[in-house]
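Here's the letter readout for the chains.
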Amino acid sequence: MSDLRELYQEVIFDHNRKPRNFRKLDPADRLAEGFNPLCGDQITVYVKFDQGVISDVSFEGSGCAISTASASLMTEALKGKTEAEARALFENFHSAVTNHGCAKCDDLGKLEVLTGVAEYPSRVKCATLAWHTFTAALDQKDQPVTTE
Ligand code: ZN
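Calculation criteria
- Residues numbered from 1 in each chain as written.
- Predicted model: local features only at pLDDT ≥ 70, side-chain atom pairs only at ≥ 80, totals over all residues.
- Heavy atoms only, no water.
- Helix = DSSP H or I, 4+ residues; strand = E, 2+ residues; numbered from the N terminus.
- Rg over C-alpha atoms; globule rule 2.2 N^0.38 Å.
- Buried < 20%, exposed > 50% of the residue type's maximum accessible area, 1.4 Å probe, protein only.
- Contact = heavy atoms within 4.5 Å.
- Donors = N, O, S within 2.8 Å, 3.2 Å for Na, K, Ca; no water.
- Core = buried A, V, L, I, M, F, W, Y, C linked by side-chain atoms within 4.5 Å.
- Phe/Tyr/Trp six-rings, centres within 6.5 Å; stacked < 30°, edge-to-face > 60°.

(A) Spotlight on the overall build of the protein chain. When helices and strands are counted, the protein chain shows four helices and four strands. When its helices and strands are written in sequence order, the protein chain yields α-β-β-β-α-α-α-β. The globule rule puts the C-alpha radius of gyration for 148 residues at 15 Å, and the 14 Å found for the protein chain is close to it. Taken along its principal axes, the extent of the C-alpha atoms in the protein chain is 45 × 30 × 25 Å. For the protein chain, the residues scored as buried account for 43% of the 148 residues in total. A sequence separation of at least 24 residues applies to 59% of the contacts in the protein chain between residues at least 6 apart.

(B) Local environment of the coordination of the zinc ion. Around the zinc ion, the donor atoms from the protein are Cys39 (SG), Asp41 (OD), Asp41 (OD), Cys64 (SG) and Cys126 (SG), and they sit 2.2 to 2.7 Å away. Site description for the zinc ion: donor spacing in sequence, C-x1-D-x22-C-x61-C.

(C) Main features of the nonpolar core. If you look at the biggest cluster of nonpolar residues, it comprises 39 residues, and the most contacted ones within it are Val45, Ile66, Leu78, Phe93, Leu111, Trp131 and Phe134. When residues of this core are assigned to their parent elements, the largest contribution, ten residues, is made by helix α4 (residues 121–139).

(D) Summary view of the packing of aromatic side chains. Under the defined criterion, the tally for this structure stands at three aromatic pairs. A centroid spacing of 5.1 Å and a plane angle of 85 degrees characterise the contact between Phe22 and Phe59, whose relative ring orientation is edge-to-face. Separated by 37 residues along the polypeptide, Phe22 in the loop between α1 (2–17) and β1 (30–36) and Phe59 in strand β3 (residues 53–62) bring together distant segments of the chain. Since its relative accessible area comes to 3%, Phe59 is described here as buried.

(E) Representation of the environment of Asp50 in the model. By secondary structure assignment, the location of Asp50 is in strand β2 (residues 41–50). For Asp50, a relative accessible area of 48% gives the class partly exposed. Sequence spacing of Asp50 and Asp29 is 21 residues, and the spatial spacing of their C-alpha atoms is 9.6 Å.

As structure tokens, then:
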């Protein structure tokens, strides 16, 4: 188990140091801003659709290692998904990181590296900020979302 934990930390470290899809999408079909006042994380998520499928998704912002790695992993996980598939994945991920267990753990893929935060309730908001912001972008909320 400790080997697995080290591997997970390695992936998080890598995604924090070299975040994937860390750029602005202009024009984007949807975008939203999110804040996690507890930690100071802030993020903007951009989404592009092509025929009902997420063709591109990216983010900008600044935050802790967990929030940055989570956003980076999220962008990789979402490409090619429909809106319904994306929402289902968030539900699954949210359940896993809030210690309710994942209904379909196998579907989490690389996102599984973040499930360790379930043991640290204050970091759950860091891990879910990008996802809440992504959902707000889907819902086209005009107000920035906050984890508070
Ligand atoms: Zn954070």
